[in-house]
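As a plain string of letters, each chain reads:
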Amino acid sequence: MASDLENITGKAAKLSIEPIYDTNWSDMPDDIKLECIEQMELKEIFRMSLRCTAKAERSLVDSQKIKFTDGILCTNDECLVFILYHNKKSIVTKHSKDVTDGYESMKHIMKIGVFEKLIIAFTNPLANNVQFMTDEGLFTARNIEFNAWHSDKVIPVLRKMKNGVESIKINSTLSEELDQILALSHVQNVPYWHIQHYEQTDSLYMVAQMWIDTNSKIGSVFQVSVFGDGSFEEFLKHFDDRILSKSEKRVRIRTNNSDRHILMEFGTIQDFIYQYFRLMVISAEMEESEYDDNCKEWIFKMDQDVRYVNELLNIEGYDEYDDSDEFDELGNYRRNDNDGYWDSDD
Amino acid sequence: MSSTEQGTSSAAPAEPTTAPESAAAPEVPESFYYVHGKDKVVHKVSAGALQHSALIHGMISNLGYTEEQAKANPFPFENIDGDILQMVVDWCNQHKGKPTPPEDTNLPKQKEKLFDLVLAVNYLEIKELLTYCCKQVAMMVKGKSPEEIREIWMIPTDAEDEAAEKEAKKRAGKEAAGETAAAAGDAK
């Protein structure tokens, strides 16, 4: 017993920390510094301030990831704006008229940020920055959305994404580059992705062919909205020898894997010019009775404008629309009934 | 070794508390250990309070002992200042068997003391207290500019770092040259 205690006290003495005089931040081991940095909040800027004190502190701060629920990065011809949300609260908004300076800040945020949802709406100035396009750094986001983005910048950004992307929403016009997009591993493996307002008629068969070639997982979904006819027909033509069943609204084809089929569905919404399609990898055992006949739900998922206008059309009395009726600041339809108030109940 | 016993736990081993009338099993008396810091002042701490320290808990777990043996062999933490160890012991005693609150406002505000406490707590592996301390460290520079942070925490600038490195290399070079010359002299 006594020897046990002697051993332990000896061990404690050996383990004792080295003498330290005038203890300060620089004397802290990195793991403690990181623990302290974790307690700092980005919104209070000082975490960013610490980053600016010296090289060593910068690399330390940069090694610490921050979770953002949402991140919106957008540019126009004059400035760069970041809106970052932590637990759905806006925590940082930065406007920068100097695009190069803005780029540096953005690079830092993208490096440390782990985004639940990242919305990118850049126009030319930043997207054309050669450094941005060639930078080795990768983004970490579970869901990414491109809005009003010059389509030729979608591919470089997707290439900069780390693995683990769960949805890709391309809400900007793509024209020629679908084959390059389909070659990206994120796109090949993502459970859900869509393209809005696609200008060609080749998307359905190209995506289905990619899924066949890569033996994509059951549950993979692709949706597209196109203007004009031709997509449905091209799909039929391309997979003529694979068709298992077809109707006006659906086509089911076999893949090279006997366990899984691909189901193509067609949907429209009254008064809308776009045609909507959904492609899904389904189990070969799925019965026709299990098909989902409510196309509105999946169309609304990809096109919020359609959802919004559809809701508007369903407001009683909308047909009697008056020029004096307006939309409020939140985009809700309001009827001016001369009672001094705007309300949607009238 | 000075054997001044301090702290709230310096009383004799726990007196049996009033047992509930219906209690079937007799309560096991609480065991105590002894620790001292640089100042050799010995603190008597209960095993329950020491559970906060993963390091000490790991050392004493499953160890049978007598009061005399424990008293005769206090754990020496020679490089922890006495006042810092006292703070740690007090904190462990205060939070013995209690859930830790979300904030602890009783931590030292003085910079050097706080950093010393952080190092000691980190070494003793007291996770909750370390979290409080790190929060307190973070609060020290809340809202401060990089220059202010550098001043408060005495962080050298990159230029100062480089200059110090150059100076150290220069000194090492001189020392090496001196040693070579001395060795050559000895050889002659």
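Since we're looking at a predicted model, the values are computed, not measured.

## Some thoughts on the side chain of Asn143(A)
Residues and elements named next belong to chain A.
Consideration 1: By the secondary structure assignment, Asn 143 is in strand E5 (residues 140-147).
Consideration 2: On the basis of relative accessibility, which here comes to 18%, the residue Asn 143 falls in the buried class.
Consideration 3: Within the structure, Asn 143 has its side chain in polar contact with the backbone oxygen of Glu 116 (distance 2.9 Å).
Consideration 4: At a separation of 2.8 Å, a polar atom in the side chain of Asn 143 contacts the side chain of Ser 167.
Consideration 5: Discounting chain neighbours no more than four positions away, the residues touching Asn 143 are Glu 116, Lys 117, Leu 118, Glu 166 and Ser 167.

## Details of the state of the cysteines
Consideration 1: Tallied over the entire structure, the rule returns zero disulfides over all chains.
Consideration 2: Of all cysteine sulfurs, the one in Cys134(B) lies closest to Cys36(A), which takes part in no disulfide; the gap is 3.6 Å.

## Description of the packing of helix H13 (residues 295-302) of chain A against helix H14 (residues 304-313) of chain A
All names here are of chain A.
Consideration 1: Where H13 meets H14, the closest approach of the two axes is 5 Å, and the angle between their N-to-C directions is 120°. With respect to H14, the axis of H13 lies oblique. Contact with H13, carried on its side by Lys 296, Ile 299, Phe 300, Lys 301 and Met 302, involves Gln 304, Val 306, Arg 307 and Asn 310 of H14 and no other residues of that element.

## Re empty space enclosed by the protein
Residue and element names in this part refer to chain B.
Consideration 1: With the rule as written, the count across this model stands at two cavities of 30 Å³ or more.
Consideration 2: Taken as a whole, the second largest cavity spans an internal volume of roughly 60 Å³.
Consideration 3: Lining the second largest cavity are Val 35, Val 45, Leu 50, Ser 53, Ile 56, Phe 77, Leu 85, Val 88, Val 89, Cys 92, Leu 124 and Ile 126.
Consideration 4: Tallying contributions element by element places helix H4 (residues 82-94) first for the lining of the second largest cavity, with four residues.
Consideration 5: Looking at side-chain class alone, the lining of the second largest cavity contains 11 nonpolar, one polar and no charged residues.

Analysis parameters
- Residues numbered from 1 in each chain as written.
- Chains lettered and ligands numbered in written order.
- Predicted model: local features only at pLDDT ≥ 70, side-chain atom pairs only at ≥ 80, totals over all residues.
- Heavy atoms only, no water.
- Helix = DSSP H or I, 4+ residues; strand = E, 2+ residues; numbered from the N terminus.
- Buried < 20%, exposed > 50% of the residue type's maximum accessible area, 1.4 Å probe, protein only.
- Polar contact = N/O pair within 3.5 Å; in protein donor to acceptor, adjacent residues only side chain to side chain.
- Contact = heavy atoms within 4.5 Å.
- Disulfide = S-S within 2.5 Å.
- Axes fitted to C-alpha atoms, helices over the stretch in contact; angles between N-to-C directions.
- Parallel < 35°, antiparallel > 145°, perpendicular 65-115°, else oblique.
- 1 Å grid on protein atoms, 1.4 Å probe; cavity = no way out; pocket = protein on both sides within 12 Å on 5 of 7 lines; lining within 4 Å.
- Points joined across faces, edges and corners; volume = space filled by probe spheres on them.
- Nonpolar A, V, L, I, M, F, W, Y, C, P; charged D, E, K, R; others polar.

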